[in-house]
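Observations on the model geometry
Listed below, chain by chain, are the residues.
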Amino acid sequence: MALTGQNRRIVAVIGASSDPRKFGNRAIRAFRRQGYTVIPINPNEAMVEGLKTYPSVMDVPGTIDMATFYVPPEVGQKVMPEVARKGIAEVWLNPGSESPELVKLARSLNVEPILACSIVGIGEDPYA
């Protein structure tokens, strides 16, 4: 399902990276090209693609409409409770970030994750 038009909103890229070869960086560029407001999340980076990076979604002022995970499942298990507390309605677990345990945790927190590539979901090529 491609997200277009009125669906363009605030997205947190969890696992944002300054390495342009990593999907945590490719996602930032893809979402920006599609007109989204992008918030990079990574406790180890100050800036990614010229954007201020936050250590956690809990540090971001205001609401976040969507989160897309580019971290290993073990990291995702630590982040998912914060995503639920922040009230992020749409959560994507990209290939490599998902696990049965993480999906179970998300559902126990009333989060129904989308198990797919969010870059493809917005109509972009993740390898472009």
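Sequence order as written defines residue numbering, which begins from 1 separately in each chain. Only residues with pLDDT of at least 70 are given local features in this predicted model, and only at 80 or more are side-chain atom pairs given and counted; all residues enter the totals for whole chains, interfaces and linings. With hydrogens and water stripped out, all remaining heavy atoms of the structure feed into the side-chain values.

Below, the discussion takes up the layout of surface pockets. Within this scheme a cavity is a closed region of a 1 Å grid, computed over the protein atoms alone, that accommodates a 1.4 Å probe without allowing it to escape, whereas a pocket is open but has protein on both sides within 12 Å along at least five of seven lines; lining residues each have an atom within 4 Å of a point. Grid points are joined across faces, edges and corners, and a volume is the space filled by probe spheres set on the points. In this structure, the largest pocket spans a volume of roughly 220 Å³. Contributing to the lining of the largest pocket are 18 residues, with G15, I41, N42, P43 and V71 lying nearest its centre. Numbered from the N terminus, helices here are DSSP runs of H or I no shorter than four residues, and strands are runs of E no shorter than two. Looking at the lining of the largest pocket element by element, the count peaks at three residues for helix α2 (residues 73–86). When the residues that make up the lining of the largest pocket are grouped by side-chain class, the tally is 10 nonpolar, five polar and three charged. Just so you know the grouping, Ala, Val, Leu, Ile, Met, Phe, Trp, Tyr, Cys and Pro go in nonpolar, Asp, Glu, Lys and Arg go in charged, and all remaining residues, Gly too, go in polar.

A separate point is the packing of aromatic side chains. Whether two aromatic rings pair depends on their centres lying within 6.5 Å, for rings of Phe, Tyr and Trp, where Trp uses its six-membered ring; planes under 30 degrees apart make the pair stacked, over 60 edge-to-face, and the rest tilted. Counting across every chain of the model gives two aromatic pairs. Look at F23 and Y127: their rings are 5.6 Å apart centre to centre, the planes differ by 90°, and that puts the pair in the edge-to-face class. Taken as a pair, F23 in helix α1 (residues 23–33) and Y127 in the segment after α4 (118–121) lie far apart in primary sequence, 104 residues in all. Judged by relative accessible area, Y127 falls into the exposed class, the value being 65%. For the pair F31 and Y36, a centre-to-centre distance of 4.9 Å together with 85° between the ring planes defines the contact as edge-to-face. For every residue, the accessible area (1.4 Å probe, protein chains only) is compared with the maximum for its type, and the residue is labelled buried under 20%, exposed over 50%, or partly exposed between those bounds. Using a relative accessible area of 0% as the deciding quantity, one classes F31 as buried. A residue is classified by how much of its surface remains accessible, and Y36, at 5% relative accessible area, is buried. By the criterion adopted, a ring carries a charge over it if an Arg CZ or a Lys NZ lies within 6 Å of its centre and within 35 degrees of its normal. The side chain of R26 reaches across the aromatic face of F23, ending 4.9 Å from its centre.

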